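Listed here are the chains, written in short residue letters.
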Amino acid sequence: MLTERIVRDAKSDGKARTIWDGEVKGLGLQITQGGRKNYVIRYTVGGRKRQAILARAGETSLRDIRKRAGEELVRIRAGEADPLRRKREEVEAPTFTDLLDRFFDDHVPRRVEAGRLSERTVQEYTKQRRYVEPVLGKLKVVDITRQDVEKAIDRPGPTHRNRLAAFLSNLFNRAEDWELRPQHTNPARRIEKAKEEPRDRTLTPTELAGLARALEGLSSRFPAAVGAIRFAAFTGLRISECMAVRWAEVDFEAGRLTMPDTKTGRRVHDLPTPALELLADMPRIGEWAFTSARNRPVTYAYVRRVFADAVRDAGLADVRLHDLRRTVMTAAAAAGVGTHVLRDLLGHRTTAMADRYIRAVGNPVRDAREQVGAAMAAMMAGESGEVVPLRRRRG
């Protein structure tokens, strides 16, 4: 039987040997040829004898190792995974990089093929991978905690942080679906979102005129990019939608653009005359309206760079590409365009953003209260209390 003294005094005699315990059958003290002492258990699984190291002799007491060995043997007899199998599974468990590889090599292509994922979103996912993989890449998927996720999304800017958190939540949902983590253990779930202040920058008529002059100065060198920027300004379309325009989707006679793949699905967009005239003046190079000689649509990075040059040349500050779309929609709201029409101009499924633009240019409830209150005061003063009809916003 093993005792604390035997464990302490056991020495190597030049070859490996094991001293077996008489209290817990299968528990032994292994002394290696080099003199290292380990507690081991010997057991049988599937008719085969196996032996596994439980701990170094100096890391635990004999009393505690006997308790642990007894518990392990009970689990083995109950058919649970034995120590060697658990160790092998731990070594072979996929890392976060393995999860990313499966996500991009298998899941993403299938979603793209099914029309459930746009190329722009794939590009965004790829960009987000570059931020989170250096932090989480070597960790086992099953071991990643909420604290690990918080560390990975610790980036400047609330928008950046929130997008990374959403990307990781999506990844860990897939990990649960693929049984790489237990169900309902997503470490990115319920992470508090950073507060994002809505951007409300629009361009004044003077700023638009200055931007137009600057774009004109760049048009000879960057005709496709400048064309896409102007088209966005005339139509209020997202810049990604402008870059994706194909000649086959433009109906000059009807003045319409068919967009088969947008954030909200297939849409038909009526084109204003300035946009049609711009397209008519663009050179026909391949299938894309805004393209290079390689017959590819201009890229977002390329258009953004040209736009930044135009903003600088115009002497403007804090102006982004998406501000053109916001300017168009704010102007439409100020002109009295109703909520539902504005929703369709935006290409949104709901009226939430349309309501926001309308609120930005006025407060119809406040205006109504002012007029009704003035009428009531006039009537109470014995004067005419006619309520002047408010301009109706039709949707």
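As a starting point, this report considers the structure included with it. (Residues numbered from 1 in each chain as written. Predicted model: local features only at pLDDT ≥ 70, side-chain atom pairs only at ≥ 80, totals over all residues. Heavy atoms only, no water.)

1. Focus: helix 8 (residues 205–218)
- The terminal C-alpha atoms of helix 8, which comprises 14 residues, lie 20 Å apart, in line with the 20 Å expected from a rise of 1.5 Å per residue.
- Along helix 8, the residues classified as buried are Glu 207, Gly 210, Leu 211, Ala 214, Leu 215 and Leu 218. Summarising the axial view, the buried residues of helix 8 lie within an arc of 140°, below the 170-degree limit, and thus occupy one face. Turned more than 90 degrees away from the buried face of helix 8, the exposed residues are Pro 205, Thr 206 and Arg 213. (Helix = DSSP H or I, 4+ residues; strand = E, 2+ residues; numbered from the N terminus. Expected span 1.5 Å × (residues − 1). Buried < 20%, exposed > 50% of the residue type's maximum accessible area, 1.4 Å probe, protein only. Arc of directions from axis to C-beta.)

2. Looking at unusual backbone geometry
- The backbone phi angle of His 184 is positive, close to 65°, even though this residue is not glycine.
- Residues other than glycine seldom take positive phi values, yet Asp 318 does so here, at roughly 55°.
- Within the secondary structure layout, Asp 318 lies in the loop between helix 12 (300–313) and helix 13 (322–334).

3. Brief notes about the sheet that holds strand 4 (residues 48–56)
- Pairing in this open sheet of four strands is antiparallel, and the strands run 1-2-3-4 from one edge to the other. In this open sheet, the two strands that pair with only one neighbour each are strand 1 (17–20) and strand 4. Each adjacent strand pair in this sheet contributes to an overall mean axis angle of 35°, direction not counted.
- Here eight bridges tie strand 3 (residues 37–45) to strand 4, and the two strands are oriented antiparallel to one another. Residue pairing in the sheet places Val 45 in a bridge with Arg 48 of strand 4.
- The strands touched by helix 2 (residues 62–77) are strand 2 (27–31), strand 3 and strand 4; relative to strand 3, the strand with the most contacts, the crossing angle is about 20°. (Pairing = 2+ DSSP bridges. Axes fitted to C-alpha atoms, helices over the stretch in contact; angles between N-to-C directions. Contact = heavy atoms within 4.5 Å.)

4. Considerations on the packing of helix 9 (residues 223–235) against helix 12
- Relative to each other, helix 9 and helix 12 sit at 80°, their axes nearing to 9 Å. Between helix 9 and helix 12, the angle falls in the class roughly perpendicular. Note on element contacts: helix 12 touches helix 9 through Tyr 302, Val 303, Val 306 and Phe 307, opposite Ala 225, Val 226 and Ile 229.
- Its residues assigned to classes, the contact of helix 9 with helix 12 shows seven nonpolar, no polar and no charged. (Parallel < 35°, antiparallel > 145°, perpendicular 65-115°, else oblique. Nonpolar A, V, L, I, M, F, W, Y, C, P; charged D, E, K, R; others polar.)

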